Structures are given as C-alpha cells and as structure tokens.
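Letter by letter, the chains look like this.
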Amino acid sequence: MTPVIEADGLVKRYGRFTAVDGIDLTIGKGEVFGLLGPNGSGKTTTILLLLGLTEPSAGSIRVLGLDPLRQPLQVKRRVGYLPDQIGFYDHLTARENLAYTARLTGLASAEAGRRIGEALGRVRLADVGDKRVGAFSRGMRQRLGLAEVLVKQAEIAILDEPTSGLDPQSTQELLEQIRELAAEGVTIVLSSHLLSMMQTICDRVALFKRGGIGLIGNVAELTTGVLGGTHVVEVEANGVDLPCVLKGLPHISAVSIIRPNHWRVDASDDVRAEIARKVVNAGGALQSMTIRQSSLDDVYVHFFEGENHDVAA
Ligand SMILES: Nc1ncnc2c1ncn2[C@@H]1O[C@H](COP(=O)(O)OP(=O)(O)OP(=O)(O)O)[C@@H](O)[C@H]1O
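Each chain has its residues counted from 1, following the order in which its sequence is written. In view of the model being predicted, local features appear only for residues whose pLDDT reaches at least 70, and side-chain atom pairs are presented and counted only at 80 or more, with totals across whole chains, interfaces and linings using the full set of residues.

1. Concerning the overall build of the protein chain
Alright, step 1. For the protein chain, the helix and strand inventory stands at 11 helices and 13 strands.
Alright, step 2. The C-alpha extent of the protein chain, read off along each of the three principal axes, is 80 × 45 × 35 Å.
Alright, step 3. Burial statistics for the protein chain: of 313 residues in total, 40% are counted as buried.
Alright, step 4. Excluding contacts between residues fewer than 6 apart, the proportion of contacts in the protein chain whose partners are at least 24 apart in sequence is 69%. Helical segments are the DSSP runs of H or I of at least four residues, strand segments are the runs of E of at least two, and each set is numbered from the N terminus. We call a residue exposed when 12 or fewer other C-beta atoms sit within 10 Å of its C-beta, buried when the count reaches 20 or more, and partly exposed for counts in between; the C-beta positions come from the backbone. Note on contacts: residues are paired as contacts if their backbone-placed C-beta atoms lie within 7 Å.

See below:
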C-alpha cells in the first residue's frame, strides 16, 4: 500500500477541550476509507486537519507527501473536498463555478473547458451547466462537488457526509459516482452515519470515539474482532435454555437473549445444523432460525453500547 495520507499522534485542542486525541492513521492510494462515529467524536476536525484548514495542537500530517499547513496550495490543487455545506458561488452558473476552480488549479482555458464539459456530463449536470447554482437542489450541489474533483483531477477526494439530506435515488447515484472515482484510483475519505452504505462502499473504516480511533479495519476484521464472528443466527425455541445447551460448541462466540425464548448467536461459521441438533437433543422445540452476515451496524451498536452520544465541548 502506497500511503497518501499519514497522520501521526494528531491532537487538536480547543481551549481545554480535546476534539482529536492522538490519532494515528495511514490511508493508501486508491482506498475508500470511512470515518464513522457519533456526533462530536472528531471526524470533521480530523478532516479539517488533513486539509490544513485547522492547525494541529500536536502531531504531524502528510498528504501526498506534503505538509498541509506549510504547503496549502499544493495540497488544495491535488485534493478535492466536499464539506457538509458545499460553498459554491450561487450567482454563478455550474460551468462558471467549475471554471473558477480550474483557474485556481492553474489549468489553461482550453484544457479547462474540455474537462468541465466532460465532468458535467459524467455527473449528469450537462443540461443545467449554464443555470445558476443558487437554484440547485442539494443533490445537484453534491454532484457539482464531484465534478469539481473531476476537473481538478484530484488524487484524493475528502467527502464530509456527502449523502446527508439526499433522497434514496440521489444517494444511490452519488454512491455510483464515488465508486467510479475510486475505480479510477482516486483515494476517497468519507464520513457518514449511513452504516449500510459505508459497509458496501468502504475498503476500511475507522470508528471514532471521543476524539480517538477506537477501531480500524475492514468489515470482516471488525466483526470478528468485536463480535467474535461473521455470522448472526437468531433462534426461537421453547423448552430449552439455549446458552446452556450451546456451551462449548465450536465457532460460537456469544449467545444473548433478545426476548423470552428468542436468542441471538454470534458465530464464525454457519452453525445452524449444530444448534438445531442441540435444541432437539435437549428436548426443546425449535420454532425458527435465521442467519445473516454480521454487519457494520452490529459492530457499531456493540462498540458504542451504553455511550452517551451527545458529546459536547
Ligand atoms: N471551532 C471549535 N471550537 C470549539 N470546539 C469545537 C470546534 N470545532 C469542533 N469543536 C468540538 O470538537 C468536537 C468534535 O467535533 P467534530 O465536528 O470533529 O465532530 P464530528 O465527529 O464531525 O461530529 P458530526 O458527526 O456531528 O459531524 C465536538 O465536541 C465539537 O463541539
């Protein structure tokens, strides 16, 4: 993995409050990397630090080998950023906004014109390229943000909650476009609260907890590490004490009660046949059994169990 983002012991304090508390992070070229965590856990602050938009209190950052604080212009030219509220000039058209970005990037006007036309087409804004951005919906603004990444030919795109406020169809479209960027080798760093989306799109995720990274890895690593298994079996049975009869069975890491006569079994394999056998041998009556892959949602709920999610400075 060729690292394109490297953070080492990153700390950001606001007065006596520590918003980012000693983050170590390496993201490789072409990775789709997700930042997850409750409100106020430090995701946006980390993004601002990576972009050189706020100064670290301690630690170091390298983005494409550059120091974002000392070399902000070089970093801005090579990194695309879609903040939560994308700032375009509302009185300018989509094409004019992109032309402005192209000028800042130092593109010659013929090349800029070619890239802008192509980018507007790719994000399906060609028809409204000459309309003022003030009239754009949130989904159109997000797509224009991706067009900006394309025009700059950014090597890294940092997207802060890109799908928040989008309807399901616009979310799907934006995801497709993010995937296409990733397939072309653009490194993507995105934050979102949509866990199922993050599970499908991200190569790795980091779970932020009170300014630190509590967990990092791909979904399979996290489900195994946190839940002890990659499968969740839900069992409904009468006349049996399931935790007791499954005790010592291989591949099972946890048996927890959901409601009377209804349990959840975390396992590293499909253990339905063994469970059925054990229930019947113990004289119980099996009512139902379902299996699914453990999800990021399971990891998240387990990891943040009992946390107060209203973290305030
Ligand atoms: N400029 C600032 N001054 C003081 N405190 C700040 C400032 N910016 C952020 N914070 C605090 O730092 C903490 C981390 O905020 P941050 O925006 O990084 O969280 P987040 O994980 O992105 O949250 P969300 O999911 O709500 O976007 C919060 O408690 C926030 O109140």
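2. Regarding the domain arrangement of the protein chain
Alright, step 1. The assigned domain composition of the protein chain is domain 1 (3-218) and domain 2 (231-293).
Alright, step 2. Domain segmentation is taken from an automatic or database assignment of domains. Relative to domain 2, the C-alpha centre of domain 1 lies at a distance of 44 Å.

3. Digging into the nonpolar core
Soluble globular proteins tend to bury their nonpolar side chains together.
Alright, step 1. The term nonpolar core means buried Ala, Val, Leu, Ile, Met, Phe, Trp, Tyr and Cys residues held together as one set by C-beta atoms within 7 Å. By size, the foremost hydrophobic cluster in this structure holds 69 residues, and its most contacted members are Ala147, Ile156, Ala157, Ile158 and Ile188.
Alright, step 2. The element best represented in this core is helix H5 (residues 138-152), accounting for 6 residues.

4. Notes on the sheet that holds strand S1 (residues 3-14)
Alright, step 1. Between any two strands, pairing holds if DSSP finds at least two bridges. Read across the sheet, 3 strands follow the order S2-S1-S4 without closing on themselves; strand pairing throughout is antiparallel. Only two strands of the sheet have a single partner each, and these edge strands are strand S2 (17-28) and strand S4 (58-63). When strand polarity is set aside, the average angle formed by the axes of neighbouring strands in this sheet is 15°.
Alright, step 2. With 5 bridges connecting them, S1 and S4 associate as antiparallel partners. Residue pairing in the sheet places Val11 in a bridge with Ala58 of S4.
Alright, step 3. Only the stretch in contact is used when a helix axis is fitted, and all axes are lines through C-alpha atoms; the angle between N-to-C directions ranges over 0 to 180 degrees. The strands touched by helix H1 (residues 43-50) within the sheet are S1, S2 and S4, with S2 carrying the most contacts at an inclination of about 60°.

5. Overview of the UniProt feature "domain: ABC transporter" (unreviewed entry) in the protein chain
Alright, step 1. When the UniProt feature table is mapped onto this chain numbering, "domain: ABC transporter" (unreviewed entry) sits at residues 5-235.
Alright, step 2. The distance from the first to the last C-alpha atom of residues 5-235 is 44 Å, and the span holds 38% helix and 28% strand. UniProt positions are given in the numbering used here, feature names are shortened, and annotations may be inferred rather than shown by experiment.

6. Brief notes about the sheet that holds strand S5 (residues 79-82)
Two orientations exist for strands paired in a sheet by backbone hydrogen bonds: parallel and antiparallel.
Alright, step 1. One open sheet accounts for 6 strands, arranged S5-S6-S7-S3-S8-S9; its pairing is mixed. In the strand order of this sheet, the two ends are held by S5 and strand S9 (212-217), each with one partner. The sheet shows a mean angle of 15° between the axes of neighbouring strands, taken without regard to direction.
Alright, step 2. Taken together, the 4 bridges between S5 and strand S6 (residues 156-160) define a ladder with parallel strand orientation. In the sheet register, Gly80 faces S6, and the bridge partner there is Ala157.

7. Considering the site of the ligand
Alright, step 1. We call a residue near a molecule or strand when its C-beta atom, built from the backbone, sits within 6 Å of it. Taken together, 15 residues lie near the ligand, and Tyr14, Ala19, Asn39, Thr44 and Thr45 sit nearest.
Alright, step 2. At the level of secondary structure, the elements contributing two or more residues to the shell around the ligand comprise S2 and H1.

8. Overview of H1
Alright, step 1. Among the 8 residues in H1, 7 count as buried, and that is most of the element.
Alright, step 2. Within the sequence span of H1, burial applies to Lys43, Thr45, Thr46, Ile47, Leu48, Leu49 and Leu50.
Alright, step 3. Of the residues flanking the end of H1, it is Gly52, one or two places downstream, whose phi is positive at about 75°.

9. Describing the environment of Leu246
Alright, step 1. Position of Leu246 among the secondary structure elements: in the loop between helix H9 (242-245) and strand S11 (252-259).
Alright, step 2. Separated by 32 residues in sequence, Leu246 and Lys278 place their C-alpha atoms 7.0 Å apart.

10. Some details on unusual backbone geometry
Alright, step 1. Despite not being glycine, Gln153 has its phi angle at roughly 50°, a positive value.
Alright, step 2. Residue placement: Gln153 occurs in the loop between H5 and S6.
Alright, step 3. In this structure, His251 takes a positive phi of about 75° despite not being glycine.
Alright, step 4. If you trace the backbone, His251 turns up in the loop between H9 and S11.

11. Structural notes on the packing of H5 against helix H6 (residues 168-183)
Alright, step 1. At their nearest, the axes of H5 and H6 sit 10 Å apart, and the two run at 5° to each other. In this view, H5 runs roughly parallel relative to H6, as classed from their interaxial angle. The segment H5 lies against H6, with Gly139, Gln142, Arg143, Leu146 and Val149 engaging Ser170, Leu174, Gln177 and Leu181.
Alright, step 2. Under this grouping Gly is polar, as are all residues other than the nonpolar Ala, Val, Leu, Ile, Met, Phe, Trp, Tyr, Cys and Pro and the charged Asp, Glu, Lys and Arg. Across the contact of H5 with H6, the residue classes tally to 4 nonpolar, 4 polar and 1 charged. An angle counts as roughly parallel when it lies under 35 degrees, as roughly antiparallel when it exceeds 145, as roughly perpendicular when it falls between 65 and 115, and as oblique in every other case.

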